[in-house]
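Listed below, chain by chain, are the residues.
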Amino acid sequence: MRQEMAQREEAELRRSHQKPRSPEGWGLLLVLWYLAFYKPIITESHLRRKNIEFIFIRFSAWQYAGCDKLWAGLVTTLCDSIRHHFGALPLSVYHVMGTRPRFASGFSQKEWVLKTGTCLKLWGMLFVLAAGLSILLVALLVPGIKDHQALKVVGSAVTSLSGSGLALGAFSILKNLLISEKQKIERLTNSEKFTSQLGFMSKVRNEVEVLVDFLSFMEIFERRRLRVVLEITSLDICYPEKVAGVLNAMNTLLSEANTPFIFILAVDPSVIVPCLEQTGCMKGLADNGYLYLNRTVTLPFSIPEMGARSRLRFLEAAIQTREDLMYRIITSNVERRRAKCQAVPAAPSRQEADAEAVRCIHEAFRCLHDSTDPLARYLPTSGAHVRRIVNTIPITLRLLLHRAGTPGTPSPRAAAAWVVLADQWPCRLSWALQCLEDAWQSRPTPDFGARSLWSIFQENVGELSSLRQPLHNVLSLDGDPELFQTFLASDFPFTARDARAFLGVTVNLDHSIRHKMGLLRGLDRLQKAATTPVSRSVQCPH
């Protein structure tokens, strides 16, 4: 994400020749001036900007597991991090004098419009204050007028009224400067209203809306898009009701259109799903936690199993944490210097790799759009599932190209078909992959890779039927079984070799489903072995 941010920044600078601004140093004075006297306008040129800045926020749910409402900790972390990123003063001034950005009327390219009403009010108050001070000074200092108490009263009243307006504005800014949004929400959670929720959610929602409007203001000032990336971790070691609360808070923050928040939810689905099914948030979803996650997550990314090189790299990193083995770091540094001195074959540049990836992605999307292609008839009718497929295909193709060089790299059309297969029939595909893995481990014959995935599924479908009770929730995720048969048997006859090639880059399939199936299959075989009588002729004499 940081590399993407830097590349977009360079491209936008070449296109518009406008450097982004920052609310630091002289930029702080400039942003305060705009906050006080100008209204931001969202123009066409602003919407064309492609440069973006990601504001990364880490939220460990375990740190807030002791509070009554874990989602309140999420909101306070969000507010506090944005306040620290931009500074307390600009946010405090925006609370008092800021204006929500609005869209330009027509084709105007002016991003800032003077606040005529604010300027007139300020100049009027300053004029009245100066007039009141003049009258008061004249009544106090000019001989012959000192004895007139009426002028003193008029001067004092005018000065007090005009000065109180300015002092009230300064006091409001100072109050927001000293009392942060985090402290406001914490004060609300400690109040008696919190137990009855009387007006509590509306106040929290107002604080979040102010933050969203402030981010829109800063986008126009900094001349780039802003996105707040919240990484949520340690959620799978919290209590079930707290897990549901955080996911509900995520849905609340993402409910508005064009919201600037991106949530990265790093969890173990095999732990989260039972937590969700124990709470009351599953009402109306047949008590199925997988359905809830499918409707919440727009880009699933299930990390595949660690390969041999990754295991060795992880082991090396673990060894380097040992103080008695720190000499390995020095050795590796020497080896790297040696490798740099040696001639290495020229690798394709990043631009060439990106161009090849874009070409493959366009080809895959053309197959989805082509009504004559059999793949188009398997697209889901749900908008959420279509978004998941569209978001997943580019990642899958980039991972395939990253692993290019291996024989038999799949085509973009085959990759798109595999993504659709994993999205539409996650349970049946996971079962076929588990049976394939078990068969490969038990009898790796040379011709086994040419077997079709459908024949492997057909061979073991009776065993899946016997396990339908413990796999009921997972089976309900699948689409039409007849379409699954047509997909694998005729339109896209993937082989066992194709499945193994795709398995390492399949990110939209929950691998915990396959692991659960492997466990159930192993237990079922153990039970069958225990109930099968053993022949006396093969019993051990001991």
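What you see is a predicted model; the values in this text were computed from it and never measured.

The rules we used
Residues numbered from 1 in each chain as written. Predicted model: local features only at pLDDT ≥ 70, side-chain atom pairs only at ≥ 80, totals over all residues. Heavy atoms only, no water. Helix = DSSP H or I, 4+ residues; strand = E, 2+ residues; numbered from the N terminus. Buried < 20%, exposed > 50% of the residue type's maximum accessible area, 1.4 Å probe, protein only. Contact = heavy atoms within 4.5 Å. Salt bridge = Lys/Arg side-chain N within 4 Å of Asp/Glu carboxyl O. pLDDT = per-residue confidence, 0-100. Expected span 1.5 Å × (residues − 1). Core = buried A, V, L, I, M, F, W, Y, C linked by side-chain atoms within 4.5 Å. Domains from an automatic or database assignment. Patch = residues over 30% accessible without salt bridge, like charges linked within 9 Å, V, L, I, M, F, W, Y side chains within 5 Å. Areas by Shrake-Rupley, 256 points an atom, 1.4 Å probe, with all protein chains shown as cover. Phe/Tyr/Trp six-rings, centres within 6.5 Å; stacked < 30°, edge-to-face > 60°. Lys NZ or Arg CZ within 6 Å of the ring centre and 35° of its normal. Axes fitted to C-alpha atoms, helices over the stretch in contact; angles between N-to-C directions. Parallel < 35°, antiparallel > 145°, perpendicular 65-115°, else oblique. Nonpolar A, V, L, I, M, F, W, Y, C, P; charged D, E, K, R; others polar. Pairing = 2+ DSSP bridges.

A separate point is the overall build of the protein. Counting its secondary structure elements, the protein contains 24 helices and six strands. Counting the 542 residues in the protein, one finds 37% classified as buried. Considering only contacts within the protein whose residues lie at least 6 apart along the sequence, 80% involve residues at least 24 apart.

Counted according to the given criterion, the structure contains 21 salt bridges. Arg398 is the salt-bridge partner of Asp354, the closest N and O atoms lying 3.5 Å from each other. Of this pair, Asp354 sits in helix α16 (residues 350–369) while Arg398 sits in helix α17 (residues 383–402); the two residues are 44 residues apart in sequence, bridging distant segments of the chain. Taking relative accessible area as the criterion, Arg398 reaches 39% and is therefore assigned partly exposed. Salt-bridge contacts for Glu463 lead to Arg521; the nearest nitrogen and oxygen are separated by 3.1 Å. Taken together, the positions of Glu463 in helix α20 (residues 453–466) and Arg521 in helix α24 (residues 511–531) put the pair 58 residues apart, joining distant regions of the chain. Judged on exposure class, the residue Glu463 and its partner Arg521 are both buried. Salt bridges sharing partners connect three or more residues here, namely Glu9, Glu53, Glu222 and Arg224.

For the rest of this paragraph, the subject is the confidence of the model for the protein. Across the protein, pLDDT averages 79, with 79% of residues at or above 70. In the model, residues 536–542 has pLDDT below 50 throughout and makes one contact with residues more than four positions away in sequence or in other chains.

Bringing helix α2 (residues 26–37) into the picture now. Between the first and last C-alpha of α2 there are 17 Å, a value that for twelve residues agrees with the 16 Å anticipated at 1.5 Å per step. Every buried residue of α2 is listed here: Gly27, Val31, Leu32, Tyr34, Leu35, Ala36 and Phe37.

This part covers the nonpolar core. Leu74, Val228, Leu375, Trp418, Leu421, Phe487 and Phe494 are the most contacted members of the largest nonpolar core, which totals 106 residues. Taken together, domain 1 (1–114 + 200–296) and domain 3 (308–339 + 346–530) each give at least three residues to this core, which thus spans both. If we ignore the near neighbours within four places in the chain, the residues touching Leu74 are Phe59, Leu230, Ile232, Val246, Ala249, Met250 and Phe263.

Judged by side-chain polarity, Met1, Phe56, Ile262 and Ile264 come together as a nonpolar surface patch covering roughly 320 Å² of accessible area. We classify Ile262 as partly exposed; its relative accessible area is 31%.

Attention shifts here to the environment of Phe492. Turning to its location among the elements, Phe492 is positioned in the loop between α22 (481–491) and α23 (496–503). With 118 residues separating them along the chain, Phe492 and Pro374 place their C-alpha atoms 8.9 Å apart. Other than its neighbours up to four places away in sequence, Phe492 contacts Asp373, Leu375, Tyr378, Arg413, Ala417 and Phe487.

Here we take up unusual backbone geometry. The phi torsion at Arg223 lies on the positive side, around 60°, for a residue other than glycine. With respect to the secondary-structure elements, Arg223 resides in the loop between α10 (200–222) and β5 (225–233).

What follows concerns the packing of aromatic side chains. According to the stated counting rule, one finds 22 aromatic pairs in the structure shown. The interplanar angle of 65° and the centroid separation of 6.2 Å between the aromatic rings of Tyr34 and Phe221 together place this pair among those described as edge-to-face. Placement of Tyr34 in helix α2 and of Phe221 in helix α10 is noted, with a sequence separation of 187 residues between them. Phe221 carries the same exposure label as Tyr34, and that label is buried. Here the aromatic cluster, defined as three or more aromatic residues joined through ring pairs, consists of Tyr378, Trp418, Trp425, Trp454, Phe457, Phe484, Phe487, Phe492, Phe494 and Phe502. The ring of Tyr378 is capped by Arg377, whose NZ or CZ atom sits 5.0 Å from the centre of that ring.

Relative orientation of the contacting elements helix α11 (residues 240–253) and helix α12 (residues 269–278) amounts to 95°, with a least axis distance of 8 Å. As summarised for this structure, α11 and α12 are arranged roughly perpendicular, according to the angle between their axes. Along its contact with α11, which presents Pro240, Val243, Ala244 and Leu247, the element α12 presents Ile272, Cys275, Leu276 and Gln278. Its residues placed into classes, the contact of α11 with α12 shows seven nonpolar, one polar and no charged.

With that settled, the discussion passes to the sheet that holds strand β3 (residues 102–103). Strands sit in the order β3-β1-β4 across an open sheet of three strands; the sheet is mixed. Each end of this open sheet is capped by a strand with a single partner; those strands are β3 and β4 (112–114). Pairing between strand β1 (residues 38–42) and β3: two bridges, direction parallel. Bridge pairing in β3 links Ile41 to Arg102. Its contacts with the sheet place α2 against β1 and β4, and it is angled at close to 95° to β1.

A word on the pairing of strand β2 (residues 52–60). Counting buried positions over the nine residues of β2 gives seven, a clear majority of the element. Bridging between β2 and β5 involves nine bridges; their strand directions are parallel. In the strand pairing of β5, Phe59 is matched with Ile232.

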